[in-house]
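# Residue-level structural notes
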Amino acid sequence: MDPLSFMRIGFEAARIGFEAQAVISMRVAGMMGLWDVSPLESLQMVQEKPVAVVAAAEAAAFALLRGQTADRAISASMTQIGNHTSANMTRLSRRGPSWL
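This text gives an overview of the structure that appears in the document.

Cut-off values and rules
Residue numbering note: each chain is counted from 1, following its sequence as written. pLDDT decides what is reported in this predicted model: residues at 70 or higher carry local features, side-chain atom pairs at 80 or more are listed and counted, and totals for whole chains, interfaces and linings draw on all residues regardless. Here the side-chain values reflect all heavy atoms present in the structure, with hydrogen atoms and water set aside. By definition, any uninterrupted DSSP run of H or I lasting at least four residues is a helix, any uninterrupted run of E lasting at least two residues is a strand, and each is numbered from the N terminus. Here a residue-residue contact requires only that any non-hydrogen atoms of the pair lie within 4.5 Å. Only buried residues count toward a nonpolar core, which is a set of Ala, Val, Leu, Ile, Met, Phe, Trp, Tyr and Cys residues joined through side-chain atoms within 4.5 Å. Relative accessibility thresholds used throughout: buried, under 20% of the residue-type maximum; exposed, over 50%; partly exposed, between the two (1.4 Å probe, protein chains only). Surface patches are defined over residues having more than 30% relative accessible area and no salt bridge, joining like charges when they lie within 9 Å and nonpolar side chains (Val, Leu, Ile, Met, Phe, Trp, Tyr) when within 5 Å. Under the convention used here, a 1.4 Å probe and the Shrake-Rupley method define accessible areas, while residue burial counts only the protein chains that appear. We define a salt bridge as a contact between a side-chain nitrogen of Lys or Arg and a carboxyl oxygen of Asp or Glu at a distance within 4 Å.

What follows is about the environment of Ala-29. Considering the arrangement of structural elements, one finds Ala-29 in helix H1 (residues 5-31). Separated by 27 residues in sequence, Ala-29 and Ala-56 have C-alpha atoms that sit 28 Å apart. Here Ala-29 is in contact with Leu-34 and Trp-35, once residues within four sequence places are set aside.

This is how it looks when you write it as structure tokens:
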């Protein structure tokens, strides 16, 4: 087991947290009419949660079934969650403020 793996996991969790907060901020601004969001954004934000959770659980389960250590299983699941938060942040940040 890599002694720095938990530090990497912590940094990954922090990145995911920052991205998630940015996504939440853009979505709330969109609900107030300040950020350009799709009319289906509210539906999409609800529908994406189960997909992300299943992808993360599946990645962790497959890592454990391959005999990997717990830190690698956690890292695999966080990679999946990070992919979703990163994609959301990229998609929403491209749209920009609604007044421009």
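Next comes the rest of the write-up.
Time to look at the nonpolar core. Listed in full, the five residues of the largest apolar core are Ala-59, Ala-60, Ala-63, Ala-73 and Ala-76. Of all the secondary structure elements, the ones that give two or more residues to this core are helix H2 (41-65) and helix H3 (70-95). Ranked by residues supplied to this core, first place goes to H2 with three residues. Not counting the four nearest positions on each side in its chain, Ala-76 is found in contact with Ala-59 and Ala-63.

This part covers a nonpolar patch on the surface. On the surface, Ile-24, Val-28, Met-32, Leu-34 and Trp-99 cluster together to form a nonpolar patch covering roughly 550 Å² of accessible area. For Ile-24, the location among the structural elements is in helix H1. Take Ile-24: its relative accessible area is 47%, and that puts it in the partly exposed class.

The next point concerns the pattern of salt bridges. Oppositely charged side chains may form a pair once their charged atoms are brought near each other. In total, this model carries eight salt bridges according to the counting rule given. For Asp-36, the salt bridge is made with Arg-95, and the minimal N-O distance between the two is 3.6 Å. Linking Asp-36 in the loop between H1 and H2 with Arg-95 in helix H3, this pair joins segments that are 59 residues apart in sequence. Judged by its relative accessible area of 36%, Arg-95 falls in the partly exposed class. As a salt-bridge pair, Glu-48 and Lys-49 come within 3.2 Å of each other at their nearest N and O atoms. Overall, Lys-49 belongs to the partly exposed group, its relative accessible area being 45%. Three or more residues joined by partner-sharing salt bridges are found here, namely Arg-27, Glu-41, Glu-48, Lys-49 and Arg-91.

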